[in-house]
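Breakdown of the fold
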Amino acid sequence: MYGPPPVRRPVIDRARQSARLRALDLRDTVSRRRDRLTPPRRLDFVDHSDFAATGDEFLAHFIELGGLQPSERVLDVGCGIGGRMARPLAGYLSSDGAYAGFDVNRDGIAWCRRRYRRHSNFSFGVADLFNARYNPHGALRADEFRFPYDDASFDFVVATSVFTHLLEADATHYVAECARVLAPGGRLFATFFLLDGSSRGLIEEGKAGLAFLDIHERVAILDEDLPEEAVAYDDEWVF
Ligand SMILES: C[S@@+](CC[C@H](N)C(=O)[O-])C[C@H]1O[C@@H](n2cnc3c(N)ncnc32)[C@H](O)[C@@H]1O
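Residues numbered from 1 in each chain as written. Predicted model: local features only at pLDDT ≥ 70, side-chain atom pairs only at ≥ 80, totals over all residues. Heavy atoms only, no water.

1. Some points on the site of the ligand
- In the vicinity of the ligand lie 19 residues, with Gly 78, Arg 84, Asp 103, Thr 160 and Tyr 174 positioned nearest.
- Asn 131 places a side-chain nitrogen or oxygen 3.1 Å from a nitrogen atom of the ligand.
- Taking 590 Å² as the accessible area of the ligand by itself, protein coverage stands at 98%.
- Residues belonging to the shell around the ligand are distributed by class as follows: eleven nonpolar, six polar and two charged. (Near = heavy atom within 4 Å. Polar contact = N/O pair within 3.5 Å; in protein donor to acceptor, adjacent residues only side chain to side chain. Areas by Shrake-Rupley, 256 points an atom, 1.4 Å probe, with all protein chains shown as cover. Nonpolar A, V, L, I, M, F, W, Y, C, P; charged D, E, K, R; others polar.)

2. So, the packing of aromatic side chains
- Using the criterion set out here, one finds 19 aromatic pairs in the structure.
- Their ring planes at 55 degrees and their centres at 5.7 Å tell us that Phe 102 and Phe 145 sit as a pair that is tilted. With a gap of 43 residues between them, Phe 102 in strand 2 (residues 98-103) and Phe 145 in the loop between strand 3 (122-126) and strand 4 (154-159) connect regions that are remote in the sequence.
- Look at Phe 145 and you get buried, because its relative accessible area is 13%.
- An aromatic cluster is built from Phe 102, Phe 145, Phe 147, Tyr 149, Phe 154 and Tyr 174, whose rings are joined through pairwise contacts.
- One cation-aromatic arrangement involves Arg 133 over Tyr 134; the distance from NZ or CZ to the ring centre is 4.4 Å. (Phe/Tyr/Trp six-rings, centres within 6.5 Å; stacked < 30°, edge-to-face > 60°. Helix = DSSP H or I, 4+ residues; strand = E, 2+ residues; numbered from the N terminus. Buried < 20%, exposed > 50% of the residue type's maximum accessible area, 1.4 Å probe, protein only. Lys NZ or Arg CZ within 6 Å of the ring centre and 35° of its normal.)

3. Regarding unusual backbone geometry
- Even without glycine at this site, Ala 152 takes up a positive phi of about 55 degrees.
- You can see Ala 152 is positioned in the loop between strand 3 and strand 4.
- Exposure remark for Ala 152: the relative accessible area of 33% places this residue in the partly exposed category.
- Residue Ser 161 is not a glycine yet carries a positive backbone phi of 55 degrees.
- Here Ser 161 is to be found in the loop between strand 4 and helix 5 (168-181).
- In this structure Ser 161 comes out as partly exposed when scored by relative accessible area, which is 45%.

4. Quick notes on the domain arrangement of the chain
- Per the domain assignment, the segments of the chain are domain 1 (9-43), domain 2 (51-191) and domain 3 (194-238).
- Using only C-alpha atoms to locate each centre, domain 1 and domain 3 end up separated by 32 Å. (Domains from an automatic or database assignment.)

5. Comments concerning helix 5
- Taking 1.5 Å of rise per residue, the 14 residues of helix 5 would be expected to cover 20 Å, and the 20 Å separating its terminal C-alpha atoms lies within 8% of that figure.
- Among the structural elements, strand 1 (73-77), strand 2, strand 4, strand 5 (182-190), strand 8 (231-234) and helix 7 (235-238) are those in contact with the buried residues of helix 5. (Expected span 1.5 Å × (residues − 1). Contact = heavy atoms within 4.5 Å.)

6. Thoughts on a positive patch on the surface
- The grouping of Arg 36, Arg 114, Arg 115, Arg 117 and Arg 118 at the surface amounts to a positive patch.
- Its place among the elements puts Arg 114 in helix 4 (residues 106-115). (Patch = residues over 30% accessible without salt bridge, like charges linked within 9 Å, V, L, I, M, F, W, Y side chains within 5 Å. Salt bridge = Lys/Arg side-chain N within 4 Å of Asp/Glu carboxyl O. Lys, Arg positive; Asp, Glu negative; His and termini not counted. Charge placed at Lys NZ, Arg CZ, Asp CG, Glu CD.)

7. Some thoughts on the environment of Ala 142
- Here Ala 142 is to be found in the loop between strand 3 and strand 4.
- Taking relative accessible area as the criterion, Ala 142 reaches 7% and is therefore assigned buried.
- In the structure, Ala 142 is positioned 32 residues away from Tyr 174 in sequence and 8.1 Å away in space, judged by C-alpha atoms.
- When residues no more than four places from it in sequence are discounted, the contact partners of Ala 142 are Leu 129, Asp 170, His 173 and Tyr 174.

8. A few points about a negative patch on the surface
- A cluster of like negative charges, contributed by Asp 214, Glu 217, Glu 224 and Asp 225, occupies part of the molecular surface.
- Mapped onto the elements, Asp 225 comes out in the loop between strand 7 (219-221) and strand 8.

9. As for the side chain of Asp 234
- Take Asp 234: it is sitting in strand 8.
- Setting aside chain neighbours within four positions, we find Asp 234 in contact with Leu 195, Arg 200 and Arg 218.

10. Here's the deal with helix 2 (residues 51-64)
- With 14 residues, helix 2 should cover 20 Å at 1.5 Å per step; its first-to-last C-alpha distance of 20 Å lies within 8% of that length.
- For helix 2, the complete set of buried residues consists of Phe 51, Ala 52, Thr 54, Gly 55, Phe 58, Leu 59 and Phe 62. Along the axis of helix 2, the buried positions cluster into a sector of 160 degrees, meaning they face one direction only.
- Of the surrounding secondary structure, the elements contacted by the buried residues of helix 2 are helix 3 (86-92), strand 4 and strand 5.
- You can read the cap of helix 2 off the contacts: a side-chain oxygen lies 3.2 Å from the backbone nitrogen of Ala 52, and it is on Asp 50. (Arc of directions from axis to C-beta.)

Given below as structure tokens:
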């Protein structure tokens, strides 16, 4: 029997989602809700929560918890599409400060380079590293990647929602690279899914938002078919 191949459900879902996001983008443009450093929703592959509000919230954490100063040099590891953290930092860092971000997503970095052209102390790099979730055709291994920056060239390294998508070998190597590029007195601000008594208890009771597998291991994943979808670390691994 001949006929068109069946359309797979995820393809339909993606098309619907894309149409919905394009409609929201149009609304944002017409109503001027989006400023020039906020990417269109259809490009925001990370999630569709409030891009600007999340960035602003994190900037407050960088200042209050990490003591970030306007004159410091910031590296944003896995800066993502549109640089969610770059946007608030563009308003906070002085001309003595600097921002560098890199990511495996070529389109995201291209967008950032265009939008931040006028910010001479902001730069964005792309690295074609394999990540099953974010760059499945990446040619290079993250656990061998030397960040393209000199030793001790930053005061503050940001990695928000990045270690949450790195398996152990990559994560171990990235911690070492962050340490290498940080100057004495530098700080790393990173987020993790933590496995501790409380989170393990909630997972076992079926009350956790993310039901990680094998939670008594040092490192746990959410999905065996796509390990980098979400990765959790024992709190002793992190601290
Ligand atoms: C959940 S997103 C977070 C993006 C951004 N940090 C934020 O807070 O909005 C995870 C990001 O990590 C990037 N990524 C994945 N593997 C990476 C790697 N090995 N090196 C650098 N970035 C990576 C992805 O492309 C994606 O942009």
